[in-house]
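The residues making up each chain are set out below.
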Amino acid sequence: MTDGPEEQFARLARSPAFLLIRQGMLHLAAWILLFSLFAATDSWARLTGWSLATLLNVLTGVAAGFLTVNLTHEWFHYLGARLAAASYSITEKPSLFVFNWHFEHNSLGQFYTMSIAGSAGGALGWLTLQQATAIETAGGVALLAGACASFAFGSLVEWPVLARTIRSRDPLAELSRLTPGVLGWTSAGSALTGAIYAYTLA
């Protein structure tokens, strides 16, 4: 007995290709939305010089820069997983994370390939924004500072895990040490890094 249209659609909606395309479209939509808000507030600030316009330009700039580097980081993680021929499953619900890593089925080398690819992607996203952004307004500075903070956050989270994994050879155990307290200090460190970078640009 063949499946009806509803069963066929349900099966399609659970397929890895569909889930991957959906995640990509959602990420792209979020990125376009944030950059549209940034562009609108940047024009508003330039035309009027209002303090409110400048404040919104800075806030949307930080958010757009952070999201850009975060998304390139995550999608390069995915490319690294593909390059390593690793075992993973595409995230079923909307998320910043593209996929779930199957620790029990992957080697340490595959984990390192996937992880390092993410850092390379974050660096590429940050450098691309640096090349494409004219530092003429507070919003432009904020955009690059947000990108820097995002790269710093990913590095402060992942690089210590990679270093500890060299000794323990247990990535899951090392990732489990990322408690809310550790992530809080990491967030503070990345924000401070972004602020220092913004100061050097101003």
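The shown structure was predicted, so the numbers you read here are calculated from the model rather than taken from an experiment.

Engineer: Which parts of the structure should I look at to understand the side chain of Ser115?
Structural biologist: Within the fold, Ser115 resides in helix H4 (residues 108–132). You can call Ser115 buried: its relative accessible area is 4%. Side-chain polar atoms of Ser115 contact the backbone oxygen of Phe111, separated by 2.9 Å. In this structure Ser115 touches His77, Glu158 and Leu162, once residues within four positions along its chain are discounted.

Engineer: I'm lost on the packing of aromatic side chains in this one. Help?
Structural biologist: We describe a pair of aromatic rings using the distance from one ring centre to the other and the angle between the two ring planes. Summed over all chains, the structure comprises 14 aromatic pairs. Seen from their ring centres, Trp44 and Trp50 are 6.0 Å apart, and the 70° between their planes marks the pair as edge-to-face. For Trp50, a relative accessible area of 51% puts it in the exposed group. Residues Tyr78 and Phe99 carry aromatic rings whose centres are separated by 6.2 Å and whose planes lie at 55° to one another, so their mutual orientation is tilted. Here the residue Tyr78 occupies a position in helix H3 (residues 51–83), and Phe99 occupies one in strand S2 (residues 99–101), the gap between them amounting to 21 residues. Here the two residues Tyr78 and Phe99 agree in accessibility, since each one is buried. Through a chain of ring-to-ring contacts, the aromatic side chains of Trp75, Tyr78, Tyr88, Phe99, Trp101, Phe103, Phe111 and Tyr112 assemble into a single cluster.

Engineer: Before we go on, may I ask you to explain the packing of H3 against helix H5 (residues 138–168) in this structure?
Structural biologist: Axis angle and axis distance: for two packed helices, these are the angle between their axes and the distance between the axes, and together they describe the pair. Closest axis-to-axis distance for the H3/H5 pair is 7 Å, and the angle between their directions is 35°. Handedness of the crossing formed by H3 with H5: right-handed. Facing Thr54, Asn57, Val58, Gly61, Val62, Ala64, Gly65, Phe66, Val69, Asn70, His73 and His77 of H3, the residues of H5 in contact are Ala138, Gly139, Ala142, Leu143, Gly146, Ala147, Ala149, Ser150, Phe151, Phe153, Gly154 and Glu158.

Basis of the calculations
Residues numbered from 1 in each chain as written. Predicted model: local features only at pLDDT ≥ 70, side-chain atom pairs only at ≥ 80, totals over all residues. Heavy atoms only, no water. Helix = DSSP H or I, 4+ residues; strand = E, 2+ residues; numbered from the N terminus. Buried < 20%, exposed > 50% of the residue type's maximum accessible area, 1.4 Å probe, protein only. Polar contact = N/O pair within 3.5 Å; in protein donor to acceptor, adjacent residues only side chain to side chain. Contact = heavy atoms within 4.5 Å. Phe/Tyr/Trp six-rings, centres within 6.5 Å; stacked < 30°, edge-to-face > 60°. Axes fitted to C-alpha atoms, helices over the stretch in contact; angles between N-to-C directions. Left-handed = near helix turned anticlockwise from the far one by under 90°.

Take it as geometry only, folks, not as evidence of what the structure does.
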